[in-house]
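As a plain string of letters, each chain reads:
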Amino acid sequence: MSSSLGGQGKNPALAKPKFNRKFILAILGLIIIAAIAWWQIALSSAGTPVKTSTVTRGDIEVYISAPSKVTLPSRSDLSFKAGGKIAAIHVKKDDEVVAGQMLADLDMTSIYPQISQAEASLKVAQANLDKLLSGRNQYEIAVAKTSVGQAATAVKNARRNLNTVQKLVAQGKQKAALNVENAEAGLNIAKQQLRKIKNGARTEELAVADAQVKQASQALEDAKSNYDRVKELNDQLLNEADQTVASAKAALDEIAKTDTATAAYASAKSAYDTAVAARNRVIATNNQSLRAAQAQVNSAKGAYDTAMAQYNAAKAGARSEDMVIAENQVRQAEIALEIARIGTGDASLDAQLDAAQAQLDNAIQSSRIAAAQFELQNNGPGAADIHAAQGQIEQAQAQLASAEAVAEDAILKAPFSGRVAAVNGRAGEIAGLNATSLSSGGESPALITLINFDRVELSADVDEVEVGKLKIGQDVRVALDAYENKIFDGKLTDISLISSKNSTGGTVFPVTVIVNPGKDEFREGMSGDVEVIISKKRNVLVTPFDAVKVDGKKSTVYVVKDGVAYLREVTTGLSSDTAYEVVSGLKEGEVIATGKVALTDGQRVKAEKDERTMR
């Protein structure tokens, strides 16, 4: 039996459906488009988030900021105009003083005699003129002749005294130079001794040490001999000064027997006072030179002791304590050399010479006056004599004024009311030579520093691009680094015409700001910042700075109303770093968009309040 499969058909129920691929893709595209449209609609209905601010009335300021530093213009560094020993300092640091108050004064011991002598000279000159105008008598002629002889004797004594002092000064300077040589030699010896101890003594070093002992012994003998010579010269000078005083006293006593109201008596009294003053200077000078000679003896004795110790050390050999001694001796020798060098510039020697020369000059002047008075008494006054007597009065008046000026300069007074900031000295010191200046080797600081806190200034540097906006009298806010969140008010008082360079090389102009704070708040040198207010308006419409978009001369804002941003043109006035003044285009209470979000006119937005502060 046979069968055939070729004619058998398929079951329709088991066949798979066929789809069009293009149709499927079209359906998917419609779905995507619908999703995008839905997202845009949803986004549009929610709005773009933006910061907003309400237009309000307020104050706006335009200012220039600059770093500043506190200065105190009312500061005075006070010192005496002339040298001298400080008698007393009447104030201390932080004392409050008033203008004209005495702060310190110098010892007036040497000043009052100058005033007294100047007053006496003026009286003598006036008496001479009165005598010229009143006539002459035989007794006064005799007295005038006696005065001529006494004046000639005084000139002779003064010349002899000057010659003696010149010799003494020359010897003193020669001795000072010798002291330097001896000190240098002593230093070299000390250094050699130190090297010897370090390296061990040798035969030739012992010989050197022995020679140094002999040299130091000779120097000691020389110093003692010099002391004896100085004492002898001092005795001679004092003896001559005593003779001059005795001669002047005898003349004064002789004239006083008859009349103490005459010009001759006044002249003799002046000559006596001058002789006494000269003797006192000789005594002071003698004491000083004798102390210097004794110091030389002491120095030579120390050098001798050092040399002997070095010799003994060389013989005994080096020990650790010898090393210490030798190093100390080097330091002592260096100090001795420095002292000796200071001695070469000893002003006391020149002072002795100046005093002796002044004594001679005074004696010559007195002699000329005595001769003129005798000639006047003998021959009678002429027009030239009267003119000369008037000139002597003017000269005496000038000398008195000069002496009184010296006395006035010896009193240090406060030039203004204020507070004592520093006191650099104490009673007994020489004005201008205190411990600070001696230790530092520099100039002496002011004796008293006075500061007035009633006027406090700040200096600031303003950039050249801003300086044209400044005007004297503008209000200024001051903030100091020392006082956080505290503001002081001030005024701009000066704008420099001269520029300078700041730390980065830029051109700046210094300005000055004055403030009036409490005295205890500001200190010189404090740092801070100033804000110079160059323009300000009160109670105007203001908007945040970033709410206004400026395009050329056109300014616009976006007004937000009912969730939609509307573009609006506005007119602005003042502008600061944080705000604009709105002159027109907006009303108080309207809400505007702020920040840098890009918007278009009519765009829906979601408002978020901007909390920033405008100024």
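Residues numbered from 1 in each chain as written. Predicted model: local features only at pLDDT ≥ 70, side-chain atom pairs only at ≥ 80, totals over all residues. Heavy atoms only, no water.

**Student:** What's the story with the sheet that holds strand β4 (residues 86–89) in this structure? I'm lost.
**Tutor:** In a beta sheet, neighbouring strands pair by backbone hydrogen bonds and run either parallel or antiparallel. Taken in spatial order, the three strands line up as β4-β6-β7 in an open sheet, and their pairing is antiparallel. Of all the strands in the sheet, the pair left with one neighbour each is β4 and β7 (411–413). The sheet shows a mean angle of 15° between the axes of neighbouring strands, taken without regard to direction. Bridge count between β4 and strand β6 (residues 102–106): three bridges; the pairing is antiparallel. When the sheet's bridge partners are listed, Ile86 is paired in β6 with Leu106. (Pairing = 2+ DSSP bridges. Helix = DSSP H or I, 4+ residues; strand = E, 2+ residues; numbered from the N terminus. Axes fitted to C-alpha atoms, helices over the stretch in contact; angles between N-to-C directions.)

**Student:** Sorry if this is basic, but what is going on with a nonpolar patch on the surface here?
**Tutor:** Taken together, the side chains of Phe23, Ile24, Leu25, Ile27, Leu28, Leu30 and Ile31 define a hydrophobic patch exposed on the protein surface, amounting to about 700 Å² of accessible area. Inspection of the secondary structure assignment puts Ile24 in helix α1 (residues 21–46). Judged by its relative accessible area of 42%, Ile24 is partly exposed. (Patch = residues over 30% accessible without salt bridge, like charges linked within 9 Å, V, L, I, M, F, W, Y side chains within 5 Å. Areas by Shrake-Rupley, 256 points an atom, 1.4 Å probe, with all protein chains shown as cover. Salt bridge = Lys/Arg side-chain N within 4 Å of Asp/Glu carboxyl O. Buried < 20%, exposed > 50% of the residue type's maximum accessible area, 1.4 Å probe, protein only.)

**Student:** Honestly, the packing of aromatic side chains in this entry has me stumped. Any pointers?
**Tutor:** Think of a pair of aromatic rings as described by two things: how far the centres are apart, and how the planes are tilted against each other in angle. Taken as a whole, this structure holds three aromatic pairs when the rule is applied. Summarising the aromatic geometry, the rings of Tyr483 and Phe488 are spaced 6.2 Å apart at their centres and angled 70° between planes, so their arrangement reads as edge-to-face. In this structure an aromatic cluster arises from ring pairing among Tyr483, Phe488 and Phe522. Just above the ring of Tyr63 sits the side chain of Arg477; from NZ or CZ to the centre is 5.5 Å. The ring of Tyr483 is capped by Lys486, whose NZ or CZ atom sits 5.8 Å from the centre of that ring. (Phe/Tyr/Trp six-rings, centres within 6.5 Å; stacked < 30°, edge-to-face > 60°. Lys NZ or Arg CZ within 6 Å of the ring centre and 35° of its normal.)

**Student:** Before we go on, may I ask you to explain the pairing of strand β8 (residues 418–423) in this structure?
**Tutor:** Remember that side chains alternate between the two faces of the sheet whenever the strand is regular. In terms of strand pairing, strand β5 (residues 96–97) meets β8 through two bridges, oriented antiparallel. Directly across from Glu96, in β8, lies its bridge partner Arg419. Bridge analysis of β8 against strand β9 (residues 448–451) gives four bridges, and the strand direction is antiparallel. Among the inter-strand pairings, Val420 is bridged to a residue of β9, identified as Leu450.

**Student:** When you look at helix α8 (residues 383–409) in this model, what are you seeing that I'm missing?
**Tutor:** Think of an α-helix as turning once every 3.6 residues; residues three or four places apart then point the same way. Taking 1.5 Å per residue as the helical rise, α8 with its 27 residues ought to reach 39 Å, and the 39 Å between its terminal C-alpha atoms agrees with that figure. Residues Ala389, Ile393, Ala396, Leu400, Ala403 and Ala407 constitute the buried set of α8. (Expected span 1.5 Å × (residues − 1).)

**Student:** Is there a simple way to explain the nonpolar core in this structure?
**Tutor:** Side chains of a nonpolar character, in soluble globular proteins, are inclined to be buried together. Phe80, Val97, Leu103, Leu412, Leu447, Ile448 and Leu450 are the most contacted members of the largest nonpolar core, which totals 30 residues. Listed by contribution, the elements that provide at least two residues to this core are β6, α2 (112–134), α8 and β9. Ranked by the residues each element gives to this core, the list is headed by α8, at six residues. In this structure, Ile448 is in contact with Ser76, Asp77, Leu78, Ile89, Val91, Leu103, Ala104, Leu412, Val420 and Ala422, ignoring residues within four places of it in sequence. In terms of nonpolar packing, the next biggest core, distinct from the first, is built from 25 residues, Val478, Val513, Phe522 and Met526 among them. (Core = buried A, V, L, I, M, F, W, Y, C linked by side-chain atoms within 4.5 Å. Contact = heavy atoms within 4.5 Å.)

**Student:** Whenever I open this one, empty space enclosed by the protein confuses me. Can you help?
**Tutor:** Summary: where empty space remains is shown by rolling a probe the size of a single water molecule over the atoms. One pass over the full model with this rule turns up five cavities of 30 Å³ or more. By volume, the second largest cavity is sized at about 80 Å³. For the second largest cavity, the full set of lining residues is Asn161, Val165, Leu237, Ala278, Arg281, Val282, Thr285, Asn286, Gln352, Ala355, Ala356 and Gln359. For the lining of the second largest cavity, the element with the highest residue contribution is helix α5 (residues 263–316), accounting for five residues. For the lining of the second largest cavity, the class distribution of residues is six nonpolar, five polar and one charged. (1 Å grid on protein atoms, 1.4 Å probe; cavity = no way out; pocket = protein on both sides within 12 Å on 5 of 7 lines; lining within 4 Å. Points joined across faces, edges and corners; volume = space filled by probe spheres on them. Nonpolar A, V, L, I, M, F, W, Y, C, P; charged D, E, K, R; others polar.)

**Student:** Before we go on, may I ask you to explain the side chain of Glu590 in this structure?
**Tutor:** Tracing the backbone shows Glu590 in the loop between β19 (579–584) and β20 (591–594). At a separation of 2.8 Å, a polar atom in the side chain of Glu590 contacts the main-chain amide nitrogen of Lys587. Apart from the residues lying within four places of it in its own chain, the contact partners of Glu590 are Ser53, Thr54, Val55, Val559, Arg568 and Gly585. (Polar contact = N/O pair within 3.5 Å; in protein donor to acceptor, adjacent residues only side chain to side chain.)

**Student:** What am I meant to see in the pattern of salt bridges here?
**Tutor:** Here the idea is simple: oppositely charged side chains can pair when their charged atoms come close. A complete count under the given rule lists 23 salt bridges for this structure. A salt bridge links Glu588 to Arg57; its shortest N-O distance comes to 3.5 Å. Remark: Arg57 occurs in strand β2 (residues 56–71) and Glu588 occurs in the loop between β19 and β20; sequence separation between them is 531 residues. A relative accessible area of 51% means that Glu588 is categorised as exposed. Here Lys469 makes a salt bridge to Glu466, at a shortest N to O gap of 3.1 Å. Of the residues examined, Lys469 reaches a relative accessible area of 41% and is grouped as partly exposed.

**Student:** Please clarify how the sheet that holds β5 should be interpreted in this entry.
**Tutor:** Taken in spatial order, the four strands line up as β3-β9-β8-β5 in an open sheet, and their pairing is antiparallel. The sheet is open, and its two borders are formed by β3 (75–78) and β5, each paired with just one other strand. Both β3 and β9 contribute to a ladder of four bridges, which runs antiparallel. Its bridge partner lying in β9, Ser76 is registered against Leu450.

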